[in-house]
Amino acid sequence: MTNSAITVRGLSKSYRRKEVLHDFSLTVERGHICGLIGPNGAGKTTIMKIMAGMMFQTSGELGFFGSSENLDDSRARMSFMIEQPLIAKSMTARENLEYIRYLRGYPDAKRIDEILDIVGLADTGRKRAGRFSLGMKQRLGIGMALLPKPEIMVLDEPVNGLDPEGIVEVRQLIRRLQEEWGVTVLISSHLLSELSELCTDFSIISHGNLIENLSREELLVKCRNHIALRTDDIDRTAAVLEDRLSIADYKVVHGEEIHIFEQLGEIRRISKTLTDSGLIITKLNEEGQNLEEYYLEKVGGRNE
């Protein structure tokens, strides 16, 4: 039995001869939380709409639970919250969930109380959803998606527009779904710092092009600690590092800064050697790369 929950191979989509998604591939394992990383317009929502059956790809193959056949049957085991959750503002949280229960044909009415408790809306009573805070609306949307006990949830920007407290609430909820219920989650966001705390895997996309798929462990290795160095002459600095300090594990970033990945405890010696070589140091400190910095480094000049 395959362990993959979502499989995408060579997915492309064009509108009026303009390609907005090109040759995108991704595999999400069961029980994982995968983050689609990219700015608005990168193609994240297009990918999710194709998965939901809201539009068709121009080319490529899509599969769920190890099969690319009977996709509608597979979607019955999934839930989607794409763009804004479809909430009836004149109805209470309970009434919204009851409506979804009828639509999805889910027989267990007691499930509604369980969902209200899970998403933290059990005490909202007769308060209409139109008077909810944005964070409450997002949690209700997730609850509506969660009601039929999906094995996979696809969430498009679920923390968009939330204040810090609302972001933490949604993050904790998604993590609970994965850890306690084993739900596989595909989540998109342009808030990269938030995804870095939540996801087990990442898929970096820019202007419809896949840049890289990697696990959290691979990301941590690539975002390792380093010495960030700037001088008045980067090329000569690189030569000094190699010839006088025997440093080989370094990288020049955007032609203006050097990241040194070895001899991290030798900042004083590095500083003295560079100064003795007549170089003017404008930056020299130890730091670590975060997900946002890694993303910007990978996409380079692809995004305006």
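*Asks:* Account for the nonpolar core, with residues named and values stated.
*Replies:* Ranked by size, the top nonpolar core spans 49 residues in total, and within it Leu140 and Ile187 carry the most contacts. Setting aside residues no more than four positions away along its own chain, Leu140 makes contact with Ile87, Ala93, Asn96, Leu97, Leu121, Ala129 and Phe132. Formed by 26 residues, the second largest nonpolar core is a distinct cluster that contains Val28, Ile47, Met51 and Leu62.

*Asks:* Go over the packing of aromatic side chains, please, and point to the residues and values.
*Replies:* The final tally for this structure, using the stated rule, is 0 aromatic pairs. Looking at Arg77, its charged tip hangs above the ring of Phe65, at a distance of 3.7 Å from the centre. Above the ring of Tyr102, the side-chain terminus of Arg101 is found at 5.0 Å from the ring centroid.

*Asks:* Requested: an account of the sheet that holds strand S11 (residues 250–253), with residues and values cited.
*Replies:* The strand order S11-S12-S10-S13 describes an open sheet built from 4 strands, whose pairing is antiparallel. Sheet topology places S11 and strand S13 (281–288) at the edges, where each strand pairs with a single neighbour. In this sheet, adjacent strand axes meet at a mean angle of 20° when their direction is disregarded. Both S11 and strand S12 (residues 257–260) contribute to a ladder of 4 bridges, which runs antiparallel. Looking at the pairing, Lys251 lines up with His259 of S12. Strands strand S10 (225–231), S12 and S13 of the sheet are contacted by helix H10 (residues 267–276), whose axis makes an angle of about 160° with S13.

*Asks:* Explain helix H1 (residues 44–52) to me, using residue names and the numbers behind them.
*Replies:* Buried residues dominate H1, accounting for 8 of its 9 residues. Among all positions in H1, only Lys44, Thr46, Ile47, Met48, Lys49, Ile50, Met51 and Ala52 are buried. Phi turns positive, to about 80°, at Gly53, one or two residues after H1.

*Asks:* Describe in detail the pairing of strand S9 (residues 209–215), supporting the description with residues and values.
*Replies:* Where strand S8 (residues 201–206) meets S9, 6 bridges bridge the pair, whose relative direction is antiparallel. In the sheet register, Ser206 faces S9, and the bridge partner there is Asn209. The antiparallel pairing of S8 with S9 creates a hairpin that spans 2 residues between the two strands, and His207 there sits at a positive phi of about 50°.

*Asks:* Report on the pattern of salt bridges, specifying residues and quantitative values.
*Replies:* Counted under the stated rule, the structure contains 18 salt bridges. A salt bridge links Lys44 to Glu157, with the nearest nitrogen and oxygen atoms 3.9 Å apart. Within this pair, whereas Lys44 is found in helix H1, its partner Glu157 is found in the loop between strand S6 (152–156) and helix H6 (164–181), the two being separated by 113 residues in sequence. Per residue, the accessibility class of Lys44 equals that of Glu157, and both read buried.

*Asks:* Mind laying out unusual backbone geometry, listing which residues take part and the relevant values?
*Replies:* The backbone of Glu157 shows a phi angle near 50°, a positive value even though the residue is not glycine. Positive phi outside glycine occurs at Ser246, with the angle close to 55°.

*Asks:* Account for the environment of Asp201, naming residues and giving values.
*Replies:* Position of Asp201 relative to the elements: it lies in strand S8. Asp201 sits 37 residues away from Ala238 along the chain, and the two C-alpha atoms are 34 Å apart. Beyond its immediate sequence surroundings of up to four residues, Asp201 is in contact with His32, Ile33, Cys34, Gly35, Leu214, Ser215 and Arg216.

*Asks:* Tell me about the pairing of strand S7 (residues 184–189), residues and numbers included.
*Replies:* For a regular strand, side-chain orientation follows a simple rule: the groups alternate between the two sheet faces. The buried fraction of S7 is high, at 6 of 6 residues. Neither face of S7 is left uncovered, since the one carrying Thr184, Leu186 and Ser188 and the one carrying Val185, Ile187 and Ser189 both have all their residues buried. With 5 bridges connecting them, strand S3 (residues 33–37) and S7 associate as parallel partners. Its bridge partner being in S7, Gly35 is matched across the sheet by Ile187. Note: S6 against S7, 5 bridges, orientation parallel. The residue of S7 that forms the bridge with Ile152 is Thr184. Tracing the backbone out of S6, into H6 and back to the parallel element S7 gives a crossover that is right-handed.

Definitions and cut-offs
- Residues numbered from 1 in each chain as written.
- Predicted model: local features only at pLDDT ≥ 70, side-chain atom pairs only at ≥ 80, totals over all residues.
- Heavy atoms only, no water.
- Core = buried A, V, L, I, M, F, W, Y, C linked by side-chain atoms within 4.5 Å.
- Buried < 20%, exposed > 50% of the residue type's maximum accessible area, 1.4 Å probe, protein only.
- Contact = heavy atoms within 4.5 Å.
- Phe/Tyr/Trp six-rings, centres within 6.5 Å; stacked < 30°, edge-to-face > 60°.
- Lys NZ or Arg CZ within 6 Å of the ring centre and 35° of its normal.
- Pairing = 2+ DSSP bridges.
- Helix = DSSP H or I, 4+ residues; strand = E, 2+ residues; numbered from the N terminus.
- Axes fitted to C-alpha atoms, helices over the stretch in contact; angles between N-to-C directions.
- Salt bridge = Lys/Arg side-chain N within 4 Å of Asp/Glu carboxyl O.
- Right-handed = clockwise from strand over helix to strand, strands pointing away.

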